[in-house]
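Architecture and fold: a report
Single-letter residue listing:
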Amino acid sequence: MSADFATFCEEIHRLTGLDLCRYRPEQIERRMGAMLARYQVAGWDEYLRLLQEDPARREEFVEWVTIGMSEFFRNPDRFQELREVYLPALIRAAGPGGVRAWSAGCADGPEPYSLAILLEELDAAGFHRVLATDVDRQGLRAAEAGIFAEGAMHQVDRETRDRYFRPRGENWEVVPAVRRRVTFRYHDLLSAVYPQGFHLVACRNVLIYFEDATKRAVLEQLAHALAPGGILFLGATEMVRDPDSLGLRYLSPCFYRKEN
Ligand SMILES: C[S@@+](CC[C@H](N)C(=O)[O-])C[C@H]1O[C@@H](n2cnc3c(N)ncnc32)[C@H](O)[C@@H]1O
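Residues numbered from 1 in each chain as written. Predicted model: local features only at pLDDT ≥ 70, side-chain atom pairs only at ≥ 80, totals over all residues. Heavy atoms only, no water.

Here we look at the layout of surface pockets
Taken as a whole, the largest pocket spans an internal volume of roughly 410 Å³. For the largest pocket, the lining is made up of 29 residues, of which Thr66, Gly105, Asn205, Val206 and Tyr209 are closest to its centre. Contributing elements (two or more residues each) for the lining of the largest pocket: α6 (110-122) and β2 (129-134). Split into classes, the residues belonging to the lining of the largest pocket amount to 15 nonpolar, eight polar and six charged. (1 Å grid on protein atoms, 1.4 Å probe; cavity = no way out; pocket = protein on both sides within 12 Å on 5 of 7 lines; lining within 4 Å. Points joined across faces, edges and corners; volume = space filled by probe spheres on them. Helix = DSSP H or I, 4+ residues; strand = E, 2+ residues; numbered from the N terminus. Nonpolar A, V, L, I, M, F, W, Y, C, P; charged D, E, K, R; others polar.)

Right under this line is the structure:
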């Protein structure tokens, strides 16, 4: 890491709270090179000045580095498994208080709304809630609006679309019955404080950004955020090495259970 880049990272941490040192360097370099070219700036100092002057650019920078790509029911087979195998048991175990789910790294919202749709479908009368968090404030605002372009809807079948979405021009709006189950909030997975007591934690396609030691530390905290018997739901290319040491048991690709 060059001295310029190290200073840049320190200042970005101070300005945005984003700790670039804990992301995989290839990820940062690839994204940053494109940003410097876009603003036609010669180096880190000049780009840093642009960011210091303009909060909107800082938000854009965070979004750009962390790439908030998402869609409803990403990896539909895994969501089907969640719906058929794990959620019914979690709903039974949670009892009248309802399932508490957390979508950590929720981007602009398709993942937490997908979870809320499944919970609504399985038990509309239950008090099930989904907390949805991210570091990308632009993404969180878009998520809260609950309006999605066709591009995010490829895996939504017609019946689900007609029940849980309303047309909004060329876009689709999530119905209030689903929206009221989801709360969006800023949370940095690199921080030391995590919410606790979840029956389900979905952290999908987020760990891939982090270097190994950080990945492990985040997984440790996610495992700790689960109530005993709770389920951890990861992305299709992510896994927990040595799950026993985190008190987790491997169930099937993408799914782990927190042991008592
Ligand atoms: C590719 S998206 C994944 C979205 C969704 N989970 C999915 O699988 O479709 C990755 C998300 O992780 C978020 N992210 C990156 N670093 C984070 C951090 N330190 N804390 C919380 N979220 C983070 C990004 O802002 C982005 O929205």
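A word on the domain arrangement of the protein
Interface extent is often summarised as the accessible area lost during association of the parts. Partitioning the protein into domains gives domain 1 (3-66) and domain 2 (76-258). Taking only C-alpha atoms, the centre of domain 1 and the centre of domain 2 are 28 Å apart. Taken together, the contact pairs 15 residues of domain 1 with 14 residues of domain 2. One can count one salt bridge joining domain 1 with domain 2. (Domains from an automatic or database assignment. Contact = heavy atoms within 4.5 Å. Salt bridge = Lys/Arg side-chain N within 4 Å of Asp/Glu carboxyl O.)

Digging into the nonpolar core
One finds Phe8, Tyr47, Phe61, Trp102, Leu222 and Leu232 to be the most contacted residues of the largest nonpolar core, which totals 46 residues. Those elements that provide at least two residues to this core are α1 (3-16), α2 (25-38), α3 (44-53), α4 (55-66), β1 (100-104), β7 (198-203), α10 (212-225) and β8 (226-234). The two domains that each donate at least three residues to this core are domain 1 (3-66) and domain 2 (76-258). Contacts of Leu232, omitting those with residues within four sequence positions, involve Val201, Leu219, Leu222, Leu226, Val240, Leu248, Cys254, Phe255 and Tyr256. Formed by 40 residues, the second largest nonpolar core is a distinct cluster that contains Phe79, Tyr113, Leu140 and Trp172. (Core = buried A, V, L, I, M, F, W, Y, C linked by side-chain atoms within 4.5 Å. Buried < 20%, exposed > 50% of the residue type's maximum accessible area, 1.4 Å probe, protein only.)

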